[in-house]
Every structure is written in structure tokens, then in C-alpha cells.
Amino acid sequence: MYDLVDKHWPMSVGDGKASRKKKPRILAITTDCCTGCAGSPACIEYCPIEACMFWIPDEDLPPFGRIEVDPYLCIGCQKCISKGPDGAFLDGCPWDAIEMVPTDDWEAIHGIALPDLPPPPPTA
């Protein structure tokens, strides 16, 4: 089972227009190269989905941390990456620390079948 983690700020705010209507064919995954841009991550401002990209503090090395992507919310839009056609630099992660992986591969690794729609938000 995929471990759910506490989401911290900074976090993607979303544009209020995009939402997950079906399971995407690819998911954004942050790599070990993610540094969180020292607490001011460039990638999250491009994410159109609220709370999809979020800060995870490094408990051993504060104030450092990294950005994670919620696979239940990701729509696979690729707005968070910086790799364009023929290696052209686009908006998103300036360090190429985000990869797009096939959803089927992610599900096989984690033993989870992601639903088409995101789960409802937790209730307090």
C-alpha cells in the first residue's frame, strides 16, 4: 500500500479549472535530485491541481526538504517538468528532478490500482 504522508506548505494551489476526471496514462514523480528549491519550489506554481504537489520536510536536515506529487491527484499534464521537445527548456522544475512515468508501471511497483477519480478529501 502506498503510504500517505502529511502535506506541508508550500503546496500547489491549482487553477480551479483542471480536475482529475480519469486515470492519467502518465504520472509526475520527483526523483532523488529534488532539493525543494530551498523551500521556494519552482514546479508547484505550474501545477493546475490543488494540493497535488507539496513540501515534505527533511526531519534529519531541517530546513531542507523536497517536493512530492500525490499520485491520486496527478493528471499527468506535464506542466511541472522542464523537458520539452528536443531538450528545449520550458517552465517547471529547473533541475529536471521530475520524471513522467507510465501509470501502469507506477501501479505495478506499488501494488496499487489508482482510481479514475481522486479520493474525497479527508474530514476533520
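Structure report, in brief. (Residues numbered from 1 in each chain as written. Predicted model: local features only at pLDDT ≥ 70, side-chain atom pairs only at ≥ 80, totals over all residues. Heavy atoms only, no water.)

### Points about the overall build of the chain
Reasoning step 1: Each helix and strand counted, the chain has 1 helix and 5 strands in total.
Reasoning step 2: Put simply, the chain has 124 residues, and 37% of those count as buried.
Reasoning step 3: Taking contacts inside the chain between residues at least 6 apart in sequence as the whole, the part at least 24 apart equals 71%.
Reasoning step 4: A total accessible area of about 7900 Å² is found for the chain, and carbon and sulfur atoms account for 57% of it. (Helix = DSSP H or I, 4+ residues; strand = E, 2+ residues; numbered from the N terminus. Buried < 20%, exposed > 50% of the residue type's maximum accessible area, 1.4 Å probe, protein only. Contact = heavy atoms within 4.5 Å. Areas by Shrake-Rupley, 256 points an atom, 1.4 Å probe, with all protein chains shown as cover.)

### Notes on the environment of G36
Reasoning step 1: Along the chain, the position of G36 falls in the loop between β2 (26-30) and β3 (53-57).
Reasoning step 2: The contact partners of G36, leaving out residues within four places of it in the chain, are P41, W55, G65, R66 and I67.

### Observations concerning the side chain of E107
Reasoning step 1: By the secondary structure assignment, E107 is in helix α1 (residues 103-110).
Reasoning step 2: In this structure E107 comes out as buried when scored by relative accessible area, which is 11%.
Reasoning step 3: If we ignore the near neighbours within four places in the chain, the residues touching E107 are K23, I112, A113 and L114.

### Notes on the pattern of salt bridges
Reasoning step 1: Under the defined criterion, the tally for this structure stands at 3 salt bridges.
Reasoning step 2: In this structure, K23 engages E107 in a salt bridge whose closest nitrogen and oxygen atoms are separated by 3.0 Å. Taken as a pair, K23 in the loop between β1 (8-11) and β2 and E107 in helix α1 lie far apart in primary sequence, 84 residues in all. (Salt bridge = Lys/Arg side-chain N within 4 Å of Asp/Glu carboxyl O.)

### Section: the side chain of T30
Reasoning step 1: Relative to the assigned elements, T30 resides in strand β2.
Reasoning step 2: In this structure T30 comes out as buried when scored by relative accessible area, which is 9%.
Reasoning step 3: Of note is the side chain of T30, whose polar atom sits 2.9 Å from the backbone oxygen of I67.
Reasoning step 4: Among all residues touching T30, those that are not within four sequence positions of it are R66, I67, E68, V69, A97 and I98. (Polar contact = N/O pair within 3.5 Å; in protein donor to acceptor, adjacent residues only side chain to side chain.)

### Quick notes on the nonpolar core
Reasoning step 1: If you look at the biggest cluster of nonpolar residues, it comprises 27 residues, and the most contacted ones within it are C43, C52, M53, I67, C80 and I98.
Reasoning step 2: At the level of secondary structure, the elements contributing two or more residues to this core comprise β2, β3 and β4 (65-69).
Reasoning step 3: If you tally residues by element for this core, the top one is β3, at 4 residues.
Reasoning step 4: With residues near it in sequence (within four places) discarded, C80 still touches A28, C43, M53, G92, C93 and I98. (Core = buried A, V, L, I, M, F, W, Y, C linked by side-chain atoms within 4.5 Å.)

### Some details on the sheet that holds β1
Reasoning step 1: The strand order across the open sheet built from 3 strands is β1-β3-β4, with neighbouring strands paired in antiparallel fashion. Looking at which strands have only one partner, the edges of the open sheet turn out to be β1 and β4. For this sheet the average axis-to-axis angle between neighbouring strands, irrespective of direction, equals 40°.
Reasoning step 2: The pairing of β3 with β4 spans 5 bridges and is antiparallel. In the strand pairing of β4, P57 is matched with G65. (Pairing = 2+ DSSP bridges. Axes fitted to C-alpha atoms, helices over the stretch in contact; angles between N-to-C directions.)

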